[in-house]
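So the chains spell out like this:
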Amino acid sequence: MIAGDVATTRDAERVTGKGARKVLQINTGGMCHLDASLVHRAVEQMPETGIDVLFIENVGNLICPSYFSLGVEKRVAVVSASEGTHVIEKHPAMFESANLVVLNKIDIAEAVHVDLTQPVADLRATRPDLRVVKTNCLAGEGIEEVLGALKLA
Ligand SMILES: Nc1nc2c(ncn2[C@@H]2O[C@H](COP(=O)(O)OP(=O)(O)OP(=O)(O)O)[C@@H](O)[C@H]2O)c(=O)[nH]1
Ligand SMILES: [Mg+2]
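Everything in this summary refers to the structure shown in the same document. Note that the structure is a prediction, hence the values are computed from the model and not measured.

**Section: the site of ligand 1**
No. 1: Around ligand 1, the surrounding shell consists of Asp-5, Asp-11, Gly-60, Asn-104, Lys-105, Asp-107, Ile-108, Thr-135, Asn-136, Cys-137 and Leu-138.
No. 2: For the shell around ligand 1, the per-class residue count stands at three nonpolar, four polar and four charged.
No. 3: Residue contributions to the shell around ligand 1 reach at least three from each of two domains, namely domain 1 (1-60) and domain 2 (74-153).

Structure (structure tokens):
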């Protein structure tokens with residue numbers, strides 16, 4: 001797994017020991033997205049054999065990462081319920097190129113006054129082909145469905 005952030009190794013540390021064979025952190029030092037050359041340098045540090053799946057977590061915003069190809073097979077856009085009712089329509093580029101959308105933190109939707117039917121309807125209107133999986137990562141809810149959608153389970 002490769003974690004991308006502007007600073008810190010916190011995400012890589014959090015994932016280490018959870019089952020991935022190798023975890024690397026990329027720090028962009030200020031850039032709001034990963035690019036192919038940063039990923040290439042990280043991939044060179046990966047074991048040469050025995051990797052079936054490589055997860056890359058881009059820097060956490062829904063704008064810059066849309067515009068830079070990393071050479072990946074599938075793009076998963078993760079949006080939290082707390083990002084608001086209109087998060088999908090405000091970030092069209094991200095959802096035009098996604099292969100799967102994960103709607104996370106569904107457990108707090110009510111507390112932040114977000115009606116999840118709206119983001120789902122917005123996706124249906126622009127990308128009727130796109131699969132949407134709702135998750136609550138704290139409880140593990142929906143994770144098997146994400147793996148199924150990625151054909152990993
Ligand atoms: N309530 C709730 N909290 C969650 C859920 N998933 C993650 N969190 C919490 O949300 C916070 C942010 O999680 P991260 O995994 O750091 O999110 P991230 O998108 O990787 O953040 P960046 O890498 O900084 O962009 C953490 O405190 C998680 O415990 C969820 O489904 N429900
Ligand atoms: Mg992160």
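**Points about the sheet that holds strand β3 (residues 56-57)**
No. 1: What the three strands build is an open sheet, ordered β2-β1-β3; its pairing is parallel. One side of each edge strand has no neighbouring strand; the edge strands of this open sheet are β2 (24-27) and β3.
No. 2: Packed on one face of the sheet, helix α2 (residues 36-43) meets β1 (2-5), β2 and β3 and runs near 150 degrees to β2.

**A short note on unusual backbone geometry**
No. 1: For His-113, which is not a glycine, the phi torsion comes out positive at approximately 60 degrees.
No. 2: Inspection of the secondary structure assignment puts His-113 in the loop between β5 (100-104) and α5 (117-126).
No. 3: With 8 C-beta atoms packed within 10 Å, His-113 lands in the exposed category.

**Regarding the pairing of β2**
No. 1: Note: β1 against β2, four bridges, orientation parallel. Bridge pairing links Ile-2 to Leu-24 in β2.
No. 2: What joins β1 to β2 is helix α1 (residues 10-15), and the crossover it makes is right-handed.

Reading the values: rules and limits
Residues numbered from 1 in each chain as written. Chains lettered and ligands numbered in written order. Predicted model: local features only at pLDDT ≥ 70, side-chain atom pairs only at ≥ 80, totals over all residues. Near = placed C-beta within 6 Å. Nonpolar A, V, L, I, M, F, W, Y, C, P; charged D, E, K, R; others polar. Domains from an automatic or database assignment. Pairing = 2+ DSSP bridges. Helix = DSSP H or I, 4+ residues; strand = E, 2+ residues; numbered from the N terminus. Contact = placed C-beta atoms within 7 Å. Axes fitted to C-alpha atoms, helices over the stretch in contact; angles between N-to-C directions. Buried ≥ 20, exposed ≤ 12 C-beta atoms within 10 Å, placed from the backbone. Right-handed = clockwise from strand over helix to strand, strands pointing away.

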